[in-house]
Amino acid sequence: QGTFELAVACAYVWLPAMFFYGLFTVLGQVLNAQERFAAFTWAPVLCNVVWIVGLGWFLAQYGHDPRAPGAFTPSMILLLGGSLTVGVAIQALILLIPLYRTGFRYRPRFGFRGVGLGSASRVAMWTFAALAVSQVGLVVQSKVLTSTGTATGKLLYDSAFLLFMTPH
């Protein structure tokens, strides 16, 4: 029971880090497009330093003993998750400095004409059509393989398919 509550509490603290990971990736790719590679390469060092300091602080304050999920207090969760989230935020936000120095200024454009969405939507339509056909084929295949009343046929097919796909 305590595992679920711990996972939810950790998610509240760690999920903002996912936003900053995405921001780090986008800002880093903008720098890469401008052939500026150093900051994107070295920014994770800052995250690692903050994370190591947070882990060291956690070990110094709470000890080395493994704990049951229900034994974690909110301050423990905040220290572990907060140090990660702060580290990732620093990792992402430090890229704003070299990005600003390159002369890049973000100006949003809200017009979607001429950006290639027409051709992309046609490709997406054919992709979804192929997905629908493959799902219908999967249903038919499952019905045929399990028509004997046992799962042996499906098991044999799945095993053979797994062996066939392993090299790929």
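Residues numbered from 1 in each chain as written. Predicted model: local features only at pLDDT ≥ 70, side-chain atom pairs only at ≥ 80, totals over all residues. Heavy atoms only, no water.

1. Topic: the overall build of the protein
Looking only at helices and strands, the protein has six helices and zero strands in total. Listing each helix as α and each strand as β along the protein from the N terminus yields α-α-α-α-α-α. The C-alpha atoms of the protein give a radius of gyration of 25 Å, which is well past the 15 Å a tight globule of 168 residues would have. The C-alpha extent of the protein, read off along each of the three principal axes, is 60 × 55 × 30 Å. Among the 168 residues that make up the protein, the fraction classed as buried is 20%. When contacts within the protein are restricted to residue pairs at least 6 apart in sequence, those whose partners lie at least 24 apart make up 72%. Distance from the positive charge centre (10 side chains) to the negative charge centre (4 side chains) of the protein: 22 Å. (Helix = DSSP H or I, 4+ residues; strand = E, 2+ residues; numbered from the N terminus. Rg over C-alpha atoms; globule rule 2.2 N^0.38 Å. Buried < 20%, exposed > 50% of the residue type's maximum accessible area, 1.4 Å probe, protein only. Contact = heavy atoms within 4.5 Å. Lys, Arg positive; Asp, Glu negative; His and termini not counted. Charge placed at Lys NZ, Arg CZ, Asp CG, Glu CD.)

2. Overview of a nonpolar patch on the surface
Judged by side-chain polarity, Leu 46, Val 86, Ile 90, Ile 94 and Ile 97 come together as a nonpolar surface patch covering roughly 360 Å² of accessible area. Relative to the helices and strands, Val 86 is located in helix H3 (residues 74-93). A residue is classified by how much of its surface remains accessible, and Val 86, at 45% relative accessible area, is partly exposed. (Patch = residues over 30% accessible without salt bridge, like charges linked within 9 Å, V, L, I, M, F, W, Y side chains within 5 Å. Areas by Shrake-Rupley, 256 points an atom, 1.4 Å probe, with all protein chains shown as cover. Salt bridge = Lys/Arg side-chain N within 4 Å of Asp/Glu carboxyl O.)

3. Side note on the nonpolar core
The nonpolar side chains of a soluble globular protein tend to be buried with one another. With 14 residues, the main nonpolar core has Phe 20, Phe 24, Val 88 and Leu 95 as its most contacted residues. The set of elements that each furnish at least two residues to this core consists of helix H1 (2-33), helix H2 (38-62) and H3. Sort the elements by how many residues they give to this core and H1 lands first, with five residues. Among all residues touching Leu 95, those that are not within four sequence positions of it are Phe 24, Leu 27, Gly 28, Leu 31, Ala 39, Phe 40 and Ala 43. In this structure, Phe 58, Tyr 62, Met 76 and Leu 80 belong to the second largest nonpolar core, which totals five residues. (Core = buried A, V, L, I, M, F, W, Y, C linked by side-chain atoms within 4.5 Å.)

4. What to know about the packing of aromatic side chains
Inspection of the entire model under this criterion finds five aromatic pairs. Taken together, a centroid distance of 4.9 Å and an interplanar angle of 40° make the contact between Phe 24 and Phe 40 tilted. Separated by 16 residues along the polypeptide, Phe 24 in helix H1 and Phe 40 in helix H2 bring together distant segments of the chain. Assigned by exposure class, Phe 24 and Phe 40 land together as buried. With a centroid separation of 5.1 Å and 45° between ring planes, the pair formed by Phe 58 and Tyr 62 is classed as tilted. With a gap of four residues between them, Phe 58 and Tyr 62 both fall in helix H2, about one helical turn apart. Exposure class is identical for Phe 58 and Tyr 62. Each is buried. Ring pairing ties together the aromatic residues Phe 58, Tyr 62 and Phe 72, which thus form one cluster. The aromatic ring of Tyr 100 is capped on one face by Arg 105, whose charged end is 3.9 Å from the ring centroid. (Phe/Tyr/Trp six-rings, centres within 6.5 Å; stacked < 30°, edge-to-face > 60°. Lys NZ or Arg CZ within 6 Å of the ring centre and 35° of its normal.)

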